[in-house]
Amino acid sequence: MKLAIDEVDYKDENFERIFWKNFELQKPLLIHNIDSFDAKKLTPEFVKANFLNEDKRSAGWFDADLPQEDVMGTPDFIQKLLKRDDIATRESPMRVFMQPGGHRTLPHYDGNSLYGFNVQITGKKRWIITSPMTPLPTMPFLFVGMVPTDFEMDEQQYDFHDFETHPGDMICLPPYWYHEVHSLGEINLNMNWVVTPREPNQTSPLGRREVEIVKLRDSLSFINKLYPDDFNHYGGAGKPLVQAYIRGVGVPRMITRLLKEIFAIPRFLILARQIKSSANNFSKNNFNVN
Ligand SMILES: O=C(O)CCC(=O)C(=O)O
Ligand SMILES: [Fe+2]
């Protein structure tokens, strides 16, 4: 079913209460009127000069350290979040996306059980985000949607939100929420603070799958070759986080997961070319603006 997303204005007197309530419940929230950045200074030239670091290039974004306060400040509630004991942070806790109009980011959820806080700086984006309670079919072992390029949401099958972000809007995206993102403006710049909860959330099928996959990655290390990132740095914290995630997963559950992933391989092979081409576009289009 298509569902309305919770929304709140950053200036609303109840903002903090609503933000932390949705955070605890891992419920998406769309915040309006974030004013911690200077869009005039964040031109494509500035972004490329400051964030185009090949060592920090990833699948379709650049990782970034917390940027200069005067250009891109970290909102106070994000500063509080980054200091919490129950979340793990990474050395470079931001991701920078800047894509041309017409770009489509293929449906995926973020690895490392990331909780994202993505603010639109320039342009606008259309987000279609799907509840981990009704997940899209997923590529074996990974976190990319196993669907064709022209995939359209089926209201009967999936619970999802479909909305736009304009400059100053921030989408708070809890772990395991699939997202397909369309760039609608001429130049579309957004930045995402990412963190990983220290305790796994196993209330959804995707949350349960993730801990089983983490167990597989911990036990059969060759599986890690499939991943773009380093398992030793899972969620930024590595081993302690891995231990917390796999605590409740026994060997029978791990083997059942392995079989489920193997059985998904034939469907993947049918769609592999389409998915690969969309994934390549995600990489190719980042920072591909004039
Ligand atoms: O903005 C986009 O196109 C993709 C954003 C994304 O995947 C993310 O924030 O995790
Ligand atoms: Fe993402």
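Our subject is the structure listed above.
Residues numbered from 1 in each chain as written. Chains lettered and ligands numbered in written order. Predicted model: local features only at pLDDT ≥ 70, side-chain atom pairs only at ≥ 80, totals over all residues. Heavy atoms only, no water.

Caption draft 1: Molecular detail of the overall build of the protein. When helices and strands are counted, the protein shows seven helices and twelve strands. Since a compact globule built from 290 residues should have a radius of gyration of about 19 Å, the 18 Å found for the protein is in line with a globular shape. Taken along the three principal axes of its C-alpha coordinates, the protein extends 55 × 40 × 40 Å. Across the protein, the fraction of contacts at a sequence separation of at least 24, relative to all contacts at a separation of at least 6, is 84%. (Helix = DSSP H or I, 4+ residues; strand = E, 2+ residues; numbered from the N terminus. Rg over C-alpha atoms; globule rule 2.2 N^0.38 Å. Contact = heavy atoms within 4.5 Å.)

Caption draft 2: Structural view of the site of ligand 1. The environment of ligand 1 is formed by Phe97, Gln99, Thr105, His108, Asp110, Asn118, Lys125, Trp127, His179, Val181, Asn190 and Asn192. Separating an oxygen atom of ligand 1 from a side-chain N or O atom of Thr105 is a distance of 2.6 Å. Within the side chain of Asn190, an N or O atom sits 3.0 Å from an oxygen atom of ligand 1. Burial of ligand 1 by the protein chains amounts to 98% of its free accessible area of 290 Å². Among the cavities detected, the one that contains ligand 1 is the largest cavity. Elements that contribute at least two residues to the shell around ligand 1 include exactly β5 (94-100), β6 (104-108), β8 (125-130), β11 (178-183) and β12 (187-197). Of the residues belonging to the shell around ligand 1, the class tally is three nonpolar, seven polar and two charged. (Near = heavy atom within 4 Å. Polar contact = N/O pair within 3.5 Å; in protein donor to acceptor, adjacent residues only side chain to side chain. Areas by Shrake-Rupley, 256 points an atom, 1.4 Å probe, with all protein chains shown as cover. 1 Å grid on protein atoms, 1.4 Å probe; cavity = no way out; pocket = protein on both sides within 12 Å on 5 of 7 lines; lining within 4 Å. Sits in = over half its atoms within 2 Å of the grid points. Nonpolar A, V, L, I, M, F, W, Y, C, P; charged D, E, K, R; others polar.)

Caption draft 3: Quick look at unusual backbone geometry. Even without being glycine, Asn112 reaches a positive phi, approximately 65°. In this structure, Asn112 sits in the loop between β6 and β7 (115-122).

Caption draft 4: Here's a closer look at the packing of aromatic side chains. Throughout the structure, instances matching the rule amount to 21 aromatic pairs. When the centroid spacing of 6.0 Å and the interplanar angle of 50° are considered together, the rings of Phe19 and Phe117 count as tilted. Of this pair, Phe19 sits in helix α1 (residues 15-25) while Phe117 sits in strand β7, placing them 98 residues apart in sequence. Each member of the pair, Phe19 together with Phe117, is buried. Note on Tyr234 and Tyr245: the rings are 5.7 Å apart at their centroids and 65° apart in plane angle, and the pair reads as edge-to-face. Placement of Tyr234 in the loop between α4 (205-219) and α5 (239-246) and of Tyr245 in helix α5 is noted, with a sequence separation of eleven residues between them. Assessed through its relative accessible area of 1%, Tyr234 is described here as buried. Three or more aromatic residues link up through ring pairs in this structure, and these residues are Tyr10, Phe15, Phe19, Trp20, Phe23, Phe77, Tyr115 and Phe117. (Phe/Tyr/Trp six-rings, centres within 6.5 Å; stacked < 30°, edge-to-face > 60°. Buried < 20%, exposed > 50% of the residue type's maximum accessible area, 1.4 Å probe, protein only.)

Caption draft 5: Geometry of helix α6 (residues 251-263). Look at α6: 18 Å from first C-alpha to last across 13 residues, which is about the 18 Å you get at 1.5 Å a residue. Those residues of α6 that fall on the buried side of the exposure criterion are Met254, Arg257 and Glu261. With its buried residues spanning 60° around the axis, α6 presents them on a single face. Projecting away from the buried face of α6 at angles above 90 degrees are the exposed residues Pro252 and Phe263. If you follow the buried residues of α6, they end up packed against α4 and α7 (265-285). (Expected span 1.5 Å × (residues − 1). Arc of directions from axis to C-beta.)

Caption draft 6: Inspection of empty space enclosed by the protein at higher detail. Summed over the entire model, instances satisfying the criterion amount to four cavities of 30 Å³ or more. A volume near 170 Å³ is recorded for the largest cavity. Of all the elements in the fold, those that place two or more residues in the lining of the largest cavity are β5, β6, β7, β8, β11 and β12. Residue contributions to the lining of the largest cavity peak at three residues, all from β5. Tallied by class, the residues present in the lining of the largest cavity amount to six nonpolar, eight polar and three charged. (Points joined across faces, edges and corners; volume = space filled by probe spheres on them.)

Caption draft 7: Representation of the pairing of β11 in the model. By the criterion of burial, β11 is predominantly enclosed, with six of the six residues buried. Every second residue of β11 is oriented toward a common face, with Tyr178, Glu180 and His182 on one face and His179, Val181 and Ser183 on the other, all of them buried. Inspection of the sheet shows β6 paired to β11 by three bridges, in the antiparallel sense. Looking at β11, one finds that Arg104 is bridged to His182. For β8 and β11, the ladder comprises six bridges, and the chain directions are antiparallel. Note that in β11 the partner of Lys125 across the bridge is Ser183. (Pairing = 2+ DSSP bridges.)

Caption draft 8: Expanded view of the nonpolar core. Within the largest apolar cluster, 39 residues are counted, with the highest numbers of intra-cluster contacts made by Val214, Tyr227, Tyr234, Tyr245 and Ile275. Every element with two or more residues in this core is listed here: α4, α5 and α7. With five residues, the single largest contributor to this core is α4. Counting 37 residues, the second largest nonpolar core, distinct from the first, contains Phe15, Ala64, Val96 and Leu189. (Core = buried A, V, L, I, M, F, W, Y, C linked by side-chain atoms within 4.5 Å.)

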